[in-house]
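This is what each chain is made of:
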Amino acid sequence: SAQYTAPETEIYADGDFFKVRALKDHMPNLRISQHYMDILENPDTKSDVRKYIREKITSSKMLMRSLDHRESTIVKITQVIADIQRKFFIEGVEKMRPLTMQQVADEIGVHETTVSRAINQKFVTTPKGLYAFKYFFNSGYTSSNGDIATSLGIKKRIAELIQEEDRKKPLA
């Protein structure tokens, strides 16, 4: 059976800038049921039932806060990617910049493992298509004249050179 990918966030162009928004279509809308709030407020409710409901409401609020924090972290990570990889979104893979999870972690004030866990098996939709977050994290090189190239850009250029070369007289 086919497995579908639902992106967590979207990077989109807004004039000269790239902005980010969370995509919540695949996330359930969580809320505390009014029915349980009414039971809690009813003076006839037994104290042990009231205590149980309070505990569950507290747990539910913690879960909702955690989900909001998770979303906020992913949006922040996506914004850093949008800012650093701006030229990629305009000009293509040749303009992608090297990026590490540590750089993103430093930028948003979290530990590198938080970034790693947040993006694991997650996707982002961009003006260039749908990508796994990990796609944007790759090594790179700086040439003697200061040009920066990522391993992806170098691989693409090598593939182009091979494709363009004369088959009778290959490049040496």
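Residues numbered from 1 in each chain as written. Predicted model: local features only at pLDDT ≥ 70, side-chain atom pairs only at ≥ 80, totals over all residues. Heavy atoms only, no water.

(A) Here's a closer look at the overall build of the chain. What the chain contains, in helices and strands, is 6 helices and 6 strands. If you list the helices and strands of the chain from N to C, you get β-β-α-α-α-α-α-β-β-β-β-α. Relative to the compact-globule value of 16 Å for 172 residues, the chain shows a C-alpha radius of gyration of 24 Å, a clear excess of over 25%. Principal-axis analysis of the C-alpha atoms gives the chain an extent of 90 × 40 × 30 Å. Among the 172 residues that make up the chain, the fraction classed as buried is 25%. Contacts in the chain between residues far apart in sequence, at least 24 positions, make up 57% of those at least 6 positions apart. As presented, the chain carries roughly 12100 Å² of accessible surface, and 51% of it is formed by carbon and sulfur atoms. One finds the centroid of the 27 positive side-chain charges in the chain at a distance of 3 Å from the centroid of its 23 negative side-chain charges. (Helix = DSSP H or I, 4+ residues; strand = E, 2+ residues; numbered from the N terminus. Rg over C-alpha atoms; globule rule 2.2 N^0.38 Å. Buried < 20%, exposed > 50% of the residue type's maximum accessible area, 1.4 Å probe, protein only. Contact = heavy atoms within 4.5 Å. Areas by Shrake-Rupley, 256 points an atom, 1.4 Å probe, with all protein chains shown as cover. Lys, Arg positive; Asp, Glu negative; His and termini not counted. Charge placed at Lys NZ, Arg CZ, Asp CG, Glu CD.)

(B) Looking closely at the packing of aromatic side chains. What the rule picks out here adds up to 9 aromatic pairs. An angle of 65° between the planes, with centres 5.5 Å apart, marks the rings of Y131 and F136 as edge-to-face. Relative accessible area serves as the criterion here: at 17%, Y131 is assigned to the buried category. Take F136: its relative accessible area is 0%, and that puts it in the buried class. Positioned over the ring face of Y12 is R21, at 4.0 Å from the centre of the ring. (Phe/Tyr/Trp six-rings, centres within 6.5 Å; stacked < 30°, edge-to-face > 60°. Lys NZ or Arg CZ within 6 Å of the ring centre and 35° of its normal.)

(C) A look at the pattern of salt bridges. According to the stated counting rule, one finds 5 salt bridges in the structure shown. Between D14 and K19 there is a salt bridge, and its shortest N-O distance comes to 2.7 Å. For K19, a relative accessible area of 36% corresponds to the partly exposed category. Residue R167 pairs with E165 through a salt bridge whose shortest N-O separation is 4.0 Å. (Salt bridge = Lys/Arg side-chain N within 4 Å of Asp/Glu carboxyl O.)

(D) Focus on the confidence of the model for the chain. Confidence in the prediction of the chain, expressed as mean pLDDT, is 89, and 94% of residues score 70 or more. Looking over the chain, one finds the lowest element-wise mean pLDDT in strand β5 (residues 140–142), namely 66, and the highest in strand β3 (residues 123–126), namely 96. (pLDDT = per-residue confidence, 0-100.)

(E) Structural context of the packing of helix α4 (residues 101–108) against helix α5 (residues 112–119). Two elements in contact, α4 and α5, have axes separated by 8 Å at closest approach and are oriented at 105°. Here α5 runs roughly perpendicular to α4, going by the angle between their axes. Contact with α4, carried on its side by M101, Q102, V104, A105 and I108, involves E112, V115, S116 and I119 of α5 and no other residues of that element. Here the contact of α4 with α5 is built from residues that sort into 6 nonpolar, 2 polar and 1 charged. (Axes fitted to C-alpha atoms, helices over the stretch in contact; angles between N-to-C directions. Parallel < 35°, antiparallel > 145°, perpendicular 65-115°, else oblique. Nonpolar A, V, L, I, M, F, W, Y, C, P; charged D, E, K, R; others polar.)

(F) Looking closely at a negative patch on the surface. On the surface, a cluster of negative charge is contributed by D83, D106, E107 and E112. Residue placement: D83 occurs in helix α2 (residues 47–84). (Patch = residues over 30% accessible without salt bridge, like charges linked within 9 Å, V, L, I, M, F, W, Y side chains within 5 Å.)

(G) Highlighting α2. A rise of 1.5 Å per residue sets the reference length of α2, with its 38 residues, at 56 Å; its end C-alpha atoms lie 55 Å apart and thus fit the reference within 8%. Residues of α2 that are buried: R50, I53, I57, T73, I74, I77, T78, V80, I81 and A82. (Expected span 1.5 Å × (residues − 1).)

(H) Highlighting the pairing of strand β1 (residues 9–14). As paired elements, β1 and strand β2 (residues 17–22) share 6 bridges and run antiparallel to each other. Following the sheet pairing, T9 is matched in β2 by A22. Hairpin connection between β1 and β2: a loop of 2 residues separates the two successive antiparallel strands, and G15 in this loop has a positive phi of roughly 70°. Here 2 bridges tie β1 to β3, and the two strands are oriented parallel to one another. Bridge pairing links E10 to T125 in β3. (Pairing = 2+ DSSP bridges.)

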